[in-house]
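# A look at the structure
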Amino acid sequence: SIMVTSSAHTGIGTLPIIWYGNESQKEKYLPKLSTGEWMGCFALTEPDAGSDALSGKMKAELSSDGKYYILNGQKIYITNGGWADVCTTFASVNGKYTAFIVDKNCEGYIIGAEEKKMGLKGSSTVTLFFENCKVPIDNVLGEIGQGGPIALNVLYTGRYKLGATTAAGSKYSVDLAVEFSSERKQFGRPIIEFGMMQRKIVHMARRAWEADALVYMTSGSIDVAISKLDKDSPDYYKQMQRCIEDHSIESSICKNVGSEALAYCVDEGVQIFGGAGFIEDYPIAQMYRDERINRIFEGTNEINKLIISGYALKKAI
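Predicted model only: the values in this text are computed from it and were never measured.

## A closer look at the environment of Lys161
Its place among the elements puts Lys161 in helix α4 (residues 147-183). On the basis of relative accessibility, which here comes to 22%, the residue Lys161 falls in the partly exposed class. In the structure, Lys161 is positioned 33 residues away from Phe194 in sequence and 36 Å away in space, judged by C-alpha atoms. For Lys161, the residues in contact, after removing those within four places along its chain, are Ser7, Thr10 and Gly11.

So this is what it looks like as structure tokens:
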């Protein structure tokens, strides 16, 4: 839960302002987001806009005095939503999907109750309501109509980051399985000495290694691309974002392979633990609940598979 909270804050909660914010927005928000004095969140999903994220119905209209955009709508399943001081959200301005920075103290910004989740119980997940929410015109992020690219480009980073966290979780699952099976004795010897247990652990280790290797390759490739940029260029962060966007296929692969590896490793880990794996006192039980969300958020695995195939075909053509 702490990892998810921190990852959402440093990634989707902060990157939109780093990449697309103007100088005054960066000066206002980034120092306190960097120190942790403020927490960030990213509000994209709506009741009728999940995988089809850009079909959101939230509206933004310019106020009569021209000083504010008035937002009306709701966003659901928002990680960090109950705790965040700064929210990047999206609404249509005369049919043009647009990003906004919303302060917690904006009038009409209402935080719903915490969701009772199956896992990640130590993180915040809420519905955010925008009821005639007054957002200063200076808080438009990027340009009017740029909301779609902002939303999707930020999610690319979240996907290979999720690949990293799930690869790490897979390796931790292997450690737990090896430790438990080395201590647990049946038929007069540790169960790790049985071929069936060894086979399980081998396949867990293989999947964990596959996920880890993909993340290593992807993040390394991104680092190489970014290292060639001019840090003094006023477009440095825009060029960095383009480097990451160019790895959209790899990011989706990392997310898919990592989340499926973790699901496999945790499931096999529970099996190796046997009855103990079904008891909350053992960490593998909590992992079994917590890991399930990884195949859903940051774009479902099914959507990411469409991205992998679709983008690969476009690049090939």
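## Re the side chain of Asn301
Positionally, Asn301 belongs in helix α9 (residues 301-316). A relative accessible area of 4% places Asn301 in the buried class. A distance of 2.6 Å separates a polar atom in the side chain of Asn301 from a polar atom in the side chain of Lys255. Once residues lying within four places of it in the same chain are set aside, the contact partners of Asn301 are Lys255, Asn256, Ser259, Glu260, Asn294 and Arg295.

## Considerations on the nonpolar core
Formed by 34 residues in total, the largest nonpolar core has its most connected members in Trp19, Phe42, Leu44 and Phe90. The set of elements that each furnish at least two residues to this core consists of α2 (15-20), α3 (23-35), β4 (86-93), β5 (96-103), α4, α5 (195-227) and α6 (236-245). Per-element tally for this core: the top contributor is α4, with six residues. When sequence neighbours within four positions are dropped, the list of residues in contact with Phe42 reads Ile12, Pro16, Ile78, Thr88, Phe90, Ala151, Val154 and Leu155. Among the nonpolar cores identified, the runner-up in size contains 21 residues, and Met58, Leu71, Ala84 and Ala91 belong to it.

## What to know about helix α7 (residues 248-273)
With 26 residues, α7 extends 37 Å from end C-alpha to end C-alpha; this agrees with the ideal 38 Å at 1.5 Å per step. By the criterion of burial, α7 is predominantly enclosed, with 19 of the 26 residues buried.

## Things to note about the pairing of strand β7 (residues 125-136)
Sheet topology places strand β3 (residues 68-79) next to β7; nine bridges connect them, and they run antiparallel. Its bridge partner lying in β7, Ile78 is registered against Val126. Pairing of strand β6 (residues 109-114) with β7, which is carried by four bridges, proceeds in the antiparallel orientation. Bridge pairing links Tyr109 to Phe130 in β7.

## Comments concerning the confidence of the model for the chain
Chain-level pLDDT for the chain is 95 on average; 100% of the residues reach the 70-or-more range. Across the chain, the secondary-structure element scoring lowest on mean pLDDT is α6, at 89, and the one scoring highest is strand β8 (residues 140-141), at 98.

## Here's the deal with the packing of α7 against helix α8 (residues 283-291)
Taken N-terminus to C-terminus, the directions of α7 and α8 make an angle of 150°; their axes are 9 Å apart at the nearest point. Here α8 runs roughly antiparallel to α7, going by the angle between their axes. With respect to the hand of their crossing, α7 and α8 are arranged in left-handed fashion. Contacts from Ser259, Leu262, Ala263, Val266, Asp267, Gly269, Val270 and Phe273 of α7 reach α8 at Ile284, Met287, Tyr288 and Glu291. Its residues assigned to classes, the contact of α7 with α8 shows eight nonpolar, two polar and two charged.

## Focus: the pairing of β3
Bridge count between strand β2 (residues 59-62) and β3: four bridges; the pairing is antiparallel. By the bridge assignment for β3, Ala60 is matched with Leu71.

Conventions used here
- Residues numbered from 1 in each chain as written.
- Predicted model: local features only at pLDDT ≥ 70, side-chain atom pairs only at ≥ 80, totals over all residues.
- Heavy atoms only, no water.
- Helix = DSSP H or I, 4+ residues; strand = E, 2+ residues; numbered from the N terminus.
- Buried < 20%, exposed > 50% of the residue type's maximum accessible area, 1.4 Å probe, protein only.
- Contact = heavy atoms within 4.5 Å.
- Polar contact = N/O pair within 3.5 Å; in protein donor to acceptor, adjacent residues only side chain to side chain.
- Core = buried A, V, L, I, M, F, W, Y, C linked by side-chain atoms within 4.5 Å.
- Expected span 1.5 Å × (residues − 1).
- Pairing = 2+ DSSP bridges.
- pLDDT = per-residue confidence, 0-100.
- Axes fitted to C-alpha atoms, helices over the stretch in contact; angles between N-to-C directions.
- Parallel < 35°, antiparallel > 145°, perpendicular 65-115°, else oblique.
- Left-handed = near helix turned anticlockwise from the far one by under 90°.
- Nonpolar A, V, L, I, M, F, W, Y, C, P; charged D, E, K, R; others polar.

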